[in-house]
Amino acid sequence: MVQDASGAVVSAANGGGSPGKKLGFFGRIALFFRQVIAELRKVVTPTRKELVRYTLVVLGFVVVMMGLVYGLDMVFSWLTTQVFGVPGKSA
């Protein structure tokens, strides 16, 4: 059984064409947990090699983003100093 957009339960056996009876509060919670478990069964655990590769990709991306933010911070800091001058130093 699956749930359509209106919240009505539709039987998968008949192709989902005719809506079944509407589920109550606890029925919808039970359906949700059944669907979560069904989705978790589809999850494929990565191999060690894939996990190391994904980890390195994420760490590389974080390092690149840190460099970008650091560079922009330095540019804006320099620009602010040029526009407003050094604090505590009068012209």
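Everything quoted here is computed from the prediction, not taken from an experiment. (Residues numbered from 1 in each chain as written. Predicted model: local features only at pLDDT ≥ 70, side-chain atom pairs only at ≥ 80, totals over all residues. Heavy atoms only, no water.)

Q: Account for the overall build of the protein, with residues named and values stated.
A: From N to C terminus, the protein includes two helices and three strands. Each helix and strand of the protein, ordered N terminal to C terminal, gives the series β-β-β-α-α. When the 91 residues of the protein are sorted by exposure, 5% land in the buried category. Carbon together with sulfur atoms contributes 70% to the accessible area of the protein, which is approximately 8,100 Å² in total. (Helix = DSSP H or I, 4+ residues; strand = E, 2+ residues; numbered from the N terminus. Buried < 20%, exposed > 50% of the residue type's maximum accessible area, 1.4 Å probe, protein only. Areas by Shrake-Rupley, 256 points an atom, 1.4 Å probe, with all protein chains shown as cover.)

Q: Explain the pattern of salt bridges to me, using residue names and the numbers behind them.
A: Within the structure shown, the criterion is met by one salt bridge. E39 is paired through a salt bridge with K42; the nearest N and O atoms lie 3.1 Å apart. According to the relative accessible area criterion, E39 is partly exposed, its value standing at 47%. (Salt bridge = Lys/Arg side-chain N within 4 Å of Asp/Glu carboxyl O.)

Q: Which residues make up the UniProt feature "transmembrane region" (unreviewed entry) in the protein, and what values do they have?
A: Following the UniProt record, the feature "transmembrane region" (unreviewed entry) maps to residues 51-72 here. Across residues 51-72, the secondary structure splits into 100% helix and 0% strand, with the terminal C-alpha atoms separated by 32 Å. (UniProt positions renumbered as here; feature names shortened; annotations may be inferred.)

Q: For helix α2 (residues 48-84), give the residues involved together with the corresponding values.
A: Between its first and last C-alpha, α2 extends 53 Å over 37 residues, near the 54 Å set by a 1.5 Å rise per residue. Just beyond α2, the residue with positive phi is G85, at close to 85°. (Expected span 1.5 Å × (residues − 1).)

Q: If you had to explain the packing of aromatic side chains to someone new, which residues and values would you point to?
A: Counted under the stated rule, the structure contains two aromatic pairs. Here the aromatic rings of F25 and F26 are separated by 5.2 Å at their centres, their planes lie at 75°, and the arrangement is edge-to-face. For the pair F25 and F26, a shared accessibility class is recorded, and that class is exposed. Where F32 meets F33, the ring centres are 5.4 Å apart and the plane angle is 70°; that geometry is what we call edge-to-face. Owing to a relative accessible area of 47%, F32 belongs among the partly exposed residues under this scheme. The partly exposed category is assigned to F33, whose relative accessible area is 48%. (Phe/Tyr/Trp six-rings, centres within 6.5 Å; stacked < 30°, edge-to-face > 60°.)

Q: Tell me about the confidence of the model for the protein, residues and numbers included.
A: Here the protein averages 86 in pLDDT, while 76% of its residues score no lower than 70. Ranking the elements of the protein by mean pLDDT puts strand β2 (residues 8-10) last, at 61, and α2 first, at 97. Within the model, the stretch residues 14-18 combines pLDDT values under 50 with five contacts to residues more than four positions away or in other chains. (pLDDT = per-residue confidence, 0-100. Contact = heavy atoms within 4.5 Å.)

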